[in-house]
Amino acid sequence: MKKIHFLFILLIVCIHGCSDSEEKLSYTIPPLDNLQLVSGENQITLSWDNPDYPGLSYVEIEYAPVTAANVKTIRHDVNSEKSSYISFDIPKGQEVYKFILTAFSSSGDQSEPQYVKGKPFTYDMQVDMNTILNTVEVEPVSNGVKISWNNAKNINCLMKIVYTTNNETQTVFYDALQTVPTITIELNNPSNLVISMVGTNGAEGINSSFNKEFTVNPHKPYLVPKKTWKVFAVSTQIAESGNGSADCAIDENLFTQWQATQKGGNDWIIIDMGAPVIIERFALARYWGDSSNSAWDVTFSAGNDTDSNSWEHVFTYSNQKSGVFKQEFDRGRDGNQSYLIPEPITARYFKYRTDRMSGSFATHYGEISVYGYYAN
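Residues numbered from 1 in each chain as written. Predicted model: local features only at pLDDT ≥ 70, side-chain atom pairs only at ≥ 80, totals over all residues. Heavy atoms only, no water.

The phi torsion at Asn34 lies on the positive side, around 60°, for a residue other than glycine. Position of Asn34 among the secondary structure elements: in strand S1 (residues 33-40). On the accessibility criterion, Asn34 (41% relative accessible area) is partly exposed. Positive phi outside glycine occurs at Asn266, with the angle close to 60°. By the element assignment, Asn266 lies in the loop between strand S17 (258-263) and strand S18 (268-285). (Helix = DSSP H or I, 4+ residues; strand = E, 2+ residues; numbered from the N terminus. Buried < 20%, exposed > 50% of the residue type's maximum accessible area, 1.4 Å probe, protein only.)

Another point: the sheet that holds strand S12 (residues 182-186). Strand pairing in a sheet is mediated by backbone hydrogen bonds. Such pairs are either parallel or antiparallel. What the 3 strands build is an open sheet, ordered S8-S9-S12; its pairing is antiparallel. Both edges of this open sheet fall to strand S8 (137-141) and S12, since each of them pairs with a single strand only. Neighbour to neighbour, the strand axes of the sheet diverge by 25° on average, direction disregarded. Relative to S12, strand S9 (residues 144-148) runs antiparallel, the two sharing 5 bridges. Across the sheet, the residue bridging to Lys146 is Thr184, located in S12. (Pairing = 2+ DSSP bridges. Axes fitted to C-alpha atoms, helices over the stretch in contact; angles between N-to-C directions.)

With that settled, consider the sheet that holds strand S6 (residues 97-105). Taken in spatial order, the 4 strands line up as S4-S3-S6-S7 in an open sheet, and their pairing is antiparallel. Among the strands making up the open sheet, the edge pair consists of strand S4 (72-77) and strand S7 (114-118). Going across the sheet, the axis of each strand differs from the next one's by a mean of 25°, ignoring polarity. Two strands pair when backbone bridges link them, and strand S3 (residues 56-65) and S6 are joined in this way by 9 bridges, in the antiparallel orientation. In the sheet register, Val59 faces S6, and the bridge partner there is Ala103.

Our focus in this paragraph is the pattern of salt bridges. Across all of its chains, the model carries 7 salt bridges by this definition. In this structure, Asp77 and Arg75 form a salt bridge, with 3.5 Å as the shortest nitrogen-oxygen distance. Judged by relative accessible area, Asp77 falls into the partly exposed class, the value being 42%. Residues Lys226 and Glu367 are paired through a salt bridge, measuring 2.5 Å at the closest nitrogen-oxygen approach. Here Lys226 is found in the loop between strand S15 (222-223) and strand S16 (230-234), whereas its partner Glu367 is found in strand S24 (residues 367-374), with 141 residues between them in sequence. (Salt bridge = Lys/Arg side-chain N within 4 Å of Asp/Glu carboxyl O.)

Looking now at the packing of aromatic side chains. The full count for this structure, using the stated rule, is 19 aromatic pairs. Centroid distance Phe282 to Phe315: 6.5 Å. Interplanar angle 45°. Geometry classified as tilted. Taken as a pair, Phe282 in strand S18 and Phe315 in strand S20 (residues 313-318) lie far apart in primary sequence, 33 residues in all. A ring pair is formed by Tyr317 and Tyr339, whose centres lie 4.9 Å apart and whose planes are at 85°; its orientation type is edge-to-face. Residue Tyr317 is located in strand S20, and its partner Tyr339 is located in strand S22 (residues 337-357); the two are separated by 22 residues in the primary sequence. Ring-pair connections join several aromatic residues into one group, and the members of that group are Trp229, Phe282, Phe300, Phe315, Tyr317, Phe325, Phe329, Tyr339, Phe350, Tyr352 and Tyr365. (Phe/Tyr/Trp six-rings, centres within 6.5 Å; stacked < 30°, edge-to-face > 60°.)

Don't take any of this as a statement about function, it's just geometry.
Structure representation (structure tokens):
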């Protein structure tokens with residue numbers, strides 16, 4: 001009987017304890033938003049957006065080194081402030097600090113605690129990051145901007161880039177230790193870039209002491225030069241050299257042409273561009289003034305392997321078939337005619353193929369071209 005009585009008391013204690021625990025986890029005030037930590041020399045600054053809550057009074061901040069048992073607590077009055085910030089003087093050193101922030105109302109309601117970690121600058125790390133930042137170079141490319149840098153000491157940190165695209169501010173991070181210290185960000189309009197360095201992993205809270213700003217105006221897609229291009233393979237050609245040969249398709253001269261031998265199509269040519277190219281569209285141009293060519297259906301494919309059968313990028317254009325891009329070569333127009341692709345691709349080789357044309361003619365073009373830019 002005593003045993004049953006003991007279990008009954010234990011059950012009541014458990015229920016009461018569980019109830020108290022649930023009450024503690026009930027948060028009436030929405031949590032702080034956009035909590036950020038910025039490191040300075042011997043200093044850490046916290047900033048955040050306060051929740052929209054009637055009677056919001058203050059934010060309680062607990063902070064201490066992550067290895068410490070005792071914490072300090074301060075109260076930061078917010079009242080009707082939409083955003084708040086506060087700075088802490090932190091002794092210079094290697095210790096990482098943890099900050100726990102909780103919002104309270106005048107009636108005692110509270111938000112779910114939010115936390116963030118960081119530490120003030122370590123001088124040597126700061127200098128190394130600044131050195132990387134000083135090597136940053138920015139150049140406009142087709143529909144974007146190319147950013148390169150030098151991390152000679154192999155510092156483990158991140159490059160932080162803030163920019164505007166489509167009227168929205170974007171923030172991206174890139175590993176400064178990546179094998180090829182070059183990145184390309186897609187931009188369609190002029191933009192202002194703010195670049196800084198921030199710590200990662202064991203370097204939490206370590207940041208460079210300044211940032212660099214660049215204003216860039218991205219290029220529109222341009223015609224890729226053909227100085228390094230070569231004909232890798234061709235199905236047929238009426239001449240091994242001179243007018244009519246496959247080389248005429250990439251000699252940047254519309255008064256020469258590649259002419260195949262099979263009527264009705266089914267001819268192709270593979271071009272080696274010499275290095276990977278970020279391709280944004282393909283283009284065909286007739287032999288200047290020649291209105292006899294009309295390719296109804298064509299296919300472009302591209303890849304980085306010499307075996308075209310392994311390429312993953314294949315784009316078919318037709319004037320009547322479904323499930324492909326609706327387009328036909330306009331034989332009445334001189335100059336480049338674009339064949340758009342859904343998004344940019346990277347490839348060293350590309351292949352043009354005539355799938356269907358008038359049975360009275362063989363494939364013949366003055367130029368086959370690519371719009372985009374070299375990847376490196």
